[in-house]
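Here are the chains, one letter per residue:
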Amino acid sequence: TKTEFVSCPSCGRTLFDLQETTAKIQDSTGHLPGVTVAVMGCIVNGPGEMADADFGYVGTIPGKIDLYYGKEVVRKSIPEEQAVEELVELIKEYGMWKEKEPEENEKEENLVSA
């Protein structure tokens, strides 16, 4: 199975563009089997709503993100522009990273050119 994503519905407390950020995270991590990533817009409800996720991405103050492994904060106050890359590094550190498989079309093209 592919990566499972949990996201809050967004509200006035959300501290980043939830849809854009979730899309970036899905693009970077959507190929990981058996991994759950929670993307939460704020610290108020985020940790409770993401309790079952392997990794969490939570807005804490404007422009800053905390990353979680399970229920534990493992990286704090990461600048938002670096946070998706930091999340990928965190997943690698915990041994849950797998490289993306080539797309089916690319596989077929490689077979034809070989």
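Below is a short write-up of the structure. Sequence order sets the numbering: in each chain, residues are counted from 1 along the sequence as written. Local features in a predicted model are, by the rule used here, given only for residues with pLDDT of at least 70; side-chain atom pairs are given and counted only at 80 or more, and totals for whole chains, interfaces and linings are based on all residues. Working from all heavy atoms in the structure, the side-chain values ignore hydrogens and water.

1. Some thoughts on the packing of aromatic side chains
Any Phe, Tyr or Trp ring, taking Trp's six-membered ring, that has another such ring centre within 6.5 Å forms a pair; planes under 30 degrees apart are called stacked, those over 60 apart edge-to-face, and the others tilted. Across all of its chains, the model carries four aromatic pairs by this definition. Seen in terms of ring centroids, F55 and Y69 are 5.3 Å apart; in terms of plane orientation they differ by 55 degrees. Their pairing is tilted. With F55 in strand β3 (residues 55-61) and Y69 in strand β4 (residues 64-69), this pair connects stretches of sequence that are 14 residues apart. The rule is simple: take the accessible area with a 1.4 Å probe, protein chains only, and divide by the maximum for that residue type; under 20% is buried, over 50% is exposed, in between is partly exposed. Taking relative accessible area as the criterion, F55 reaches 0% and is therefore assigned buried. Residue class for Y69 comes out partly exposed when judged on its relative accessible area of 32%. Among the aromatic residues, ring-to-ring pairing joins F55, Y69 and Y94 into one connected group. The criterion is that NZ of a Lys, or CZ of an Arg, lies within 6 Å of the ring centre and within 35 degrees of the ring normal, and then a charge sits over that ring. In this arrangement the basic side chain of K92 is found over the ring face of W97, its NZ or CZ atom lying 5.3 Å from the centre. A run of DSSP states H or I qualifies as a helix once it reaches four residues; a run of E qualifies as a strand once it reaches two. Both are numbered from the N-terminal end.

2. Description of the pattern of salt bridges
Counted as salt bridges are all cases of a side-chain nitrogen of Lys or Arg within 4 Å of a carboxyl oxygen of Asp or Glu. For the structure shown, the criterion picks out four salt bridges. One salt bridge connects K24 with E20, and the closest N-O pair in it is separated by 3.3 Å. Linking K24 with E20, this pair stays in helix α1 (residues 18-29), spanning four residues, or about one helical turn. For K24, a relative accessible area of 45% corresponds to the partly exposed category. Given a relative accessible area of 43%, E20 falls into the partly exposed group. Each of the salt bridges in this network shares a partner with another, and the network as a whole consists of R75, E86 and E93.

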